[in-house]
Amino acid sequence: MADMIPTPERMKRSQRPMPEQDPKKRVRNFDEVPLGYTAEDAIYEAQRCLQCDPPPCVEGCPAEIHIPQFIQEIVEENFASAYLDILKTNSLPAMCGRVCPQEEQCQRTCIYNKKGKPISIGRLERFVSDWARKQDTKEELPEIKKKGKLVAVVGSGPAGLTCAADLAKMGYEVTIFEALHKPGGVLTYGIPEFRLPKKIVEYEVDKIKELGVKLVTNFVVGLTKGVDELAMEFDAIFLANGAGAPQFMHIPGENFNDVYSANEFLTRSNLMRAYKFPEFDTPIKVGKKVVVIGAGNVSMDAARTALRLGAKEVHIVYRRTKEEAPARAEEIVHAEEEGIVFDFLTLPVKILGDEKGNVTGMECIEMRLGEPDESGRRKPLPIEGSNFVMQVDMVVNAIGTTANPIVARSATSVQTNKRGYFTVDEKTRATSREGIFAGGDITRGSATVISAIGDGKKAARAIDSYLSSGGSLRKTSLKKMKSS
Amino acid sequence: MHRIITKKKIAPDIISLDVEAPLIAKKAEPGQFVIVMTDERGERIPLTIADYDRKKGLVRIVFVVVGKTTAKLSLMNEGDELFSLVGPLGKPSKINNYGTVVTVGGGTGIASIYPITRNLKEAGNKVIAIIGARTRDLIIMEEEMRKASTELLITTDDGSYGRKGFVTELLGEVLREKKNVKKVWAIGPAPMMRAASDVTKPYGIETIVSLNSIMVDGTGMCGTCRVTVNGETKFVCVDGPEFNGHLVDWPEFMNRLARYEQLEKLSFEAYRRERGK
């Protein structure tokens, strides 16, 4: 029995690594890179946990997972119970176990950091959810008393799915509206198969549908119907439409043919399955020498996708250094292992092309780091006269995304800030209009899946208290319409 | 969800479909478009809404078979359901009472210009419509256009019907004769829209074109449809599809339109081989 392992013994163990596909092989396929723990690995790792009381890890988890409990269940080899423990608060465990930056969340506060590496909570979460999926472990829910109130969720990304699942478990009738033909938002169109297999997204979405959540795809809120119209039909609305609009650098040559936004490049490959062209109809082009601008997770995804699609050489240019790069350390390592070349302290100033629109190169300028700026990071400054031309034939712009105004335009009295994001109460996710809540990237700009999940949970709670205390967006909106 | 109610072959390789889509029909306005997918493996392609019936909950799309997706769409029959249909997307045409206006439709662009023409006339305009195609067989929606406009002029490249020549030549003649044309709409293949813009430019008459860019999501998410208009980058899907033709960077637009030409050809050929089996 695990309980028998004495603490000093447990503490001697080092973190169990997770096996991964060989970099040389994986650059030629879209299969998942990490292979996951075996049961033996998981038990070994779980046995390291000291079961702190109070547990510092839980504080770092926006999904409010009962971390020590589920780890103890693994120790006792009750994998199904471990899964059900997680599912109580997090409806997307297999996704979280893969794409949540645990090193910044739960694992950051793990007591082991004082002497070594933290418990691999993410890998354990991934292990139990994969195990449960293979067994198709069902959650037995107590009879849910229907509350007879309707909630609309705009967007089926991590924030929307979480909020919908939590509300459905409370007895609300939830309808999710999704603009694309498949649910999942960024989990589906943005994150590549080799990091988050789509069958996992589909499985977890199906589980949420089994809770009674209705999913309407091909429905663009703001065009098919506006928020104001939905406000007449639903008792509350949660806006979680993401920050979907790509940003460009506004440098000359950005509209040449083979300049992609990361959104386009990844959407073609992930959502439309262009990596299987012509078996799937959507085409995608990839150059011989590709450069990706930016050093966030999306840049790593784009660069690694380009490699898998057949690019001979892929560079990432970033105007600061590796230290400031916003991508997860793990993603940078993965990219490096696969042979992606990083050009730090490099700023593109112009994309060059021929008259047919083909990209022939990218002019850059070298940078140096100056004094810290408002973000606390040292400000990159151009070194005059250091311009040079990179010989590339394709450019992917991954400098970030911003708010798409379509949803907000259709929402009277829902305030947005200068950048087009909904302004909300941090705790309740309430917007300026009663009965309308918002969360995820459309309230903060592109961030992480886990922060979106956290928002979804907070909003679900606030919507429950709004509706429980007699609030109804539908009634208020209809009344207002009649009186005007 | 989106059942094909009526299918008509209105010219060789040109198909008209009425599709069940009550929510889209309720909101659709001239100038807007939908994104269509035939099946799960399909591409997302934008098609202009050629008409809508709010009461019956139908939208009409008209397309010419040019590649794999349109070929697959042409093989769907009444009663079949589209895998996906989303809309109405893009900004509607600005329909006002301008006085005298000219609408020009080339090829399947006739289907796009039709609801604009009709609504312009309903708004009180005198609408001179010019439609044209390569040859007589390819002139579509003639009767509808005749009803929708105040005056209908027809051209064919080979002279087999109406006047011999291009729609742009006729547009030039109309502008020379009538001094009071306030606005022009020209929709068709890119070279035609560009040529129409060139014809109207010396007259200083605002000329609206509807850009048929490549799109994926159609809601401003991917940016594949971007085009330079008056020196600024615009997204056709959300800022358009209509723009002032005098301000469009045509060479860039046409380059971007041809980006996937080779792959599209490859995919269409493979599909035809497969079906030929």
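Quick look at the structure, then. (Residues numbered from 1 in each chain as written. Chains lettered and ligands numbered in written order. Predicted model: local features only at pLDDT ≥ 70, side-chain atom pairs only at ≥ 80, totals over all residues. Heavy atoms only, no water.)

Some thoughts on unusual backbone geometry
Most peptide bonds take the trans configuration, and most residues that are not glycine carry a negative phi.
Here is step 1: Look at the link from G87(B) to P88(B): it is a cis peptide, with omega at -5°.
Here is step 2: With respect to the secondary-structure elements, P88(B) resides in strand 7 (residues 84–89).
Here is step 3: Each neighbour pair has its own omega, and for G240(B) with P241(B) the value is 10°, a cis peptide bond.
Here is step 4: For P241(B), the location among the structural elements is in the loop between helix 7 (236–239) and strand 16 (242–244).
Here is step 5: Phi at R429(A) is positive, roughly 60°, even though this residue is not glycine.
Here is step 6: Residue M141(B) is not a glycine yet carries a positive backbone phi of 55°.
Here is step 7: For M141(B), the position within the fold is in the loop between strand 9 (126–133) and helix 4 (142–148).
Here is step 8: Relative accessible area serves as the criterion here: at 6%, M141(B) is assigned to the buried category. (Helix = DSSP H or I, 4+ residues; strand = E, 2+ residues; numbered from the N terminus. Buried < 20%, exposed > 50% of the residue type's maximum accessible area, 1.4 Å probe, protein only.)

Re the packing of helix 14 (residues 297–308) of chain A against helix 15 (residues 329–337) of chain A
Two measures define how a pair of helices packs: the angle their axes make with one another and the distance between the axes.
Residue and element names in this part refer to chain A.
Here is step 1: Direction vectors running N to C along helix 14 and helix 15 enclose 20°, while the axes themselves pass 10 Å from each other. Comparing their axes, helix 15 and helix 14 come out roughly parallel. Relative to helix 15, helix 14 is oriented so that their crossing is left-handed. Across the interface between the two elements, N297, M300 and R304 from helix 14 touch E331, I332, H334 and A335 from helix 15. (Axes fitted to C-alpha atoms, helices over the stretch in contact; angles between N-to-C directions. Parallel < 35°, antiparallel > 145°, perpendicular 65-115°, else oblique. Left-handed = near helix turned anticlockwise from the far one by under 90°. Contact = heavy atoms within 4.5 Å.)

Comments concerning the sheet that holds strand 1 (residues 150–154) of chain A
Residue and element names in this part refer to chain A.
Here is step 1: Read across the sheet, five strands follow the order 3-2-1-4-16 without closing on themselves; strand pairing throughout is parallel. The open sheet is flanked by strand 3 (214–216) and strand 16 (436–438), the only strands paired with a single partner. Averaged over all pairs of adjacent strands, the angle between their axes in this sheet comes to 20°, without regard to strand direction.
Here is step 2: Taken together, the four bridges between strand 1 and strand 4 (residues 236–239) define a ladder with parallel strand orientation. Along strand 4, the bridge assignment pairs V151 with A236.
Here is step 3: In the packing of helix 18 (residues 449–468) onto the sheet, contacts are made with strand 1, strand 4 and strand 16, and the angle to strand 4 comes to roughly 165°. (Pairing = 2+ DSSP bridges.)

A look at the interface of chain B and chain A
Here is step 1: Facing 40 residues of chain B, the contacting portion of chain A comprises 43 residues.
Here is step 2: With both chains or domains summed, chain B and chain A bury close to 3,600 Å², and 55% of this area falls on carbon and sulfur atoms.
Here is step 3: Summed over the three residues of chain B that lose the most area to chain A, namely R41(B), M221(B) and R226(B), the buried surface amounts to 20% of that side.
Here is step 4: Viewed at the interface, chain A and chain B are joined by five salt bridges.
Here is step 5: In this structure, K27(B) engages E229(A) in a salt bridge whose closest nitrogen and oxygen atoms are separated by 2.6 Å.
Here is step 6: For the pair chain B and chain A, the interface holds 28 residue pairs in polar contact (both at pLDDT 80 or more).
Here is step 7: Elements represented by at least two residues in the side of chain B that touches chain A include exactly helix 1 (22–27), helix 2 (68–74), strand 7, strand 14 (226–229), strand 15 (232–235), helix 8 (250–257) and helix 9 (261–276) of chain B.
Here is step 8: Here the residues of the side of chain B that touches chain A are counted per class, giving 17 nonpolar, eleven polar and twelve charged. (Buried area = accessible area lost by both parts, 1.4 Å probe. Salt bridge = Lys/Arg side-chain N within 4 Å of Asp/Glu carboxyl O. Polar contact = N/O pair within 3.5 Å; in protein donor to acceptor, adjacent residues only side chain to side chain. Nonpolar A, V, L, I, M, F, W, Y, C, P; charged D, E, K, R; others polar.)

Description of empty space enclosed by the protein
Residues and elements named next belong to chain A.
Here is step 1: Across all of its chains, the model carries four cavities of 30 Å³ or more by this definition.
Here is step 2: Approximately 110 Å³ is the volume found for the largest cavity.
Here is step 3: In this structure, the largest cavity is lined by 15 residues; those nearest its centre are C49, C52, C57, C110 and I119.
Here is step 4: Top contributing element to the lining of the largest cavity by residue count: helix 5 (residues 67–75), with three residues.
Here is step 5: The residue inventory of the lining of the largest cavity, partitioned by class, reads 14 nonpolar, one polar and no charged.
Here is step 6: Within this model, the second largest cavity holds a volume of roughly 90 Å³.
Here is step 7: As for the second largest cavity, its lining consists of 14 residues, of which C61, I65, C100, C106 and E125 are closest to the centre.
Here is step 8: For the lining of the second largest cavity, the residue count by class is nine nonpolar, four polar and one charged. (1 Å grid on protein atoms, 1.4 Å probe; cavity = no way out; pocket = protein on both sides within 12 Å on 5 of 7 lines; lining within 4 Å. Points joined across faces, edges and corners; volume = space filled by probe spheres on them.)

What to know about the sheet that holds strand 8 (residues 313–317) of chain A
Residue and element names in this part refer to chain A.
Here is step 1: Overall, parallel pairing links the five strands, which are arranged 6-14-7-8-9 in an open sheet. Single-partner strands in this sheet number two, and they are strand 6 (259–261) and strand 9 (341–343). Taken pair by pair, the neighbouring strands of this sheet meet at an average axis angle of 25°, ignoring direction.
Here is step 2: Where strand 7 (residues 289–293) and strand 14 (residues 394–397) come together, four bridges link them in parallel fashion. Each residue of the ladder has a partner; that of I293, found in strand 14, is N397.

Observations concerning the nonpolar core
Inside soluble globular proteins, nonpolar side chains tend to come together where they are buried.
Here is step 1: The biggest cluster of nonpolar side chains holds 91 residues, and the ones touching the most others in it are F70(A), I74(A), I237(A) and L239(A).
Here is step 2: Looking at which element gives the most residues to this core, the answer is helix 18 of chain A, with ten residues.
Here is step 3: Filtering out sequence-adjacent residues up to four positions away, I74(A) remains in contact with A42(A), I43(A), A46(A), F79(A), A82(A), L124(A) and V128(A).
Here is step 4: Membership of the second largest hydrophobic core comes to 39 residues, among which are I35(B), A196(B), V229(B) and V248(B). (Core = buried A, V, L, I, M, F, W, Y, C linked by side-chain atoms within 4.5 Å.)

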